[in-house]
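# Summary of structural features
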Amino acid sequence: MKRVESHDRDENGLVSLAEVCHKILSDPERRQGAKSHAKRAKNRKIDERIYLVRPVGISSGEGLKFIYKGFEKDDGLRSNYHIRADPELFEKNTRPNNIAMRRFPCFCQPCVDKMMEPIATRYTGPSNMCIYWGIFKKGDGKTGYNDWKLISLLPKPKLYKEEDDLEALEVAVHGIGRRMEDQMHVDRFGAYIADDEQYDYYLFKCTVAPKQVDKDEVFEFDGNEFPVKEGELYWEGL
Ligand SMILES: [Zn+2]
């Protein structure tokens, strides 16, 4: 049981209930579950809950500030309409922070073929095989206005707030979960990432439609434990 400490009060003697709740929820026992479940927790990809306090007047996402590196002078985010988040542009298990950009999407055959090249050359060099090269060719004749660029996203010093970033990721993950829920019906097929040296993912046929768990629990299938937390979605399949 936690008590409201005297230092939880501000100079007017008022207590922020949000701050008190945050303190309680941030207790390590709550964040990572009881110690006896440590073994089960290792199976989870996401094993920690982080609680955040949003003060009155501060909206979510205000701290989502990044800078982009890789643009030449007089070029920037607003003049590039084709963005590719290519999974091969980042190392396995790292957060994607490199994207490929060009001014206009072009799906002429040579541009599509370029996308099939190994990652080392996929976004390098001039797009001089494109059927519109004549339009995009710059004065130097060697580079073009629609060449691919590799852009790095970096947290903006002082303005970037990790908690806002984490919240945005959480919203995105929930959104993906909801979309999967909408599409997953009994007898449909799905795929999930596997911790297996031979296969990156396993396929399954859905036998029980998606449900939301109303309390933390652990499901057991074939000797494996699958811990789920309150509010998360799960479905079953073969
Ligand atoms: Zn093209």
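Residues numbered from 1 in each chain as written. Predicted model: local features only at pLDDT ≥ 70, side-chain atom pairs only at ≥ 80, totals over all residues.

### Regarding the overall build of the protein chain
Helix and strand counts for the protein chain stand at seven helices and nine strands. Burial analysis of the protein chain (238 residues in total) assigns 5% to the buried set. Across the protein chain, the fraction of contacts at a sequence separation of at least 24, relative to all contacts at a separation of at least 6, is 47%. (Helix = DSSP H or I, 4+ residues; strand = E, 2+ residues; numbered from the N terminus. Buried ≥ 20, exposed ≤ 12 C-beta atoms within 10 Å, placed from the backbone. Contact = placed C-beta atoms within 7 Å.)

### A closer look at the sheet that holds strand β2 (residues 82-84)
Strand order in the open sheet formed by four strands is β1-β4-β3-β2, with antiparallel pairing between adjacent strands. The open sheet has two free edges, formed respectively by β1 (66-69) and β2, since each of these has just one partner strand. Ignoring which end each strand starts from, the neighbouring axes of this sheet average 30° apart. Examined bridge by bridge, strand β3 (residues 98-102) and strand β4 (residues 149-155) share four bridges and lie antiparallel to one another. (Pairing = 2+ DSSP bridges. Axes fitted to C-alpha atoms, helices over the stretch in contact; angles between N-to-C directions.)

### Looking at the environment of Gln-183
Take Gln-183: it is sitting in helix α7 (residues 162-183). Residue class for Gln-183 comes out exposed when judged on the 11 C-beta atoms lying within 10 Å of it.

### Here's the deal with the sheet that holds strand β9 (residues 233-237)
On the basis of which strands lie adjacent, the open sheet formed by three strands has the order β5-β6-β9 and antiparallel pairing. A single partner strand is all that each edge strand has here, and the edge strands are β5 (189-193) and β9. The sheet shows a mean angle of 65° between the axes of neighbouring strands, direction not considered.

### Some details on α7
Look at α7: 32 Å from first C-alpha to last across 22 residues, which is about the 32 Å you get at 1.5 Å a residue. For α7, the tally of buried residues reaches only zero of 22 residues, placing the bulk of the element at the surface. (Expected span 1.5 Å × (residues − 1).)

### Details of the pairing of β5
Burial analysis of β5 places just zero of its five residues in the buried class, a small minority of the element. As judged from the five bridges shared by β5 and strand β6 (residues 201-212), these two strands associate in the antiparallel manner. Bridge pairing in β6 links Gly-190 to Phe-204.

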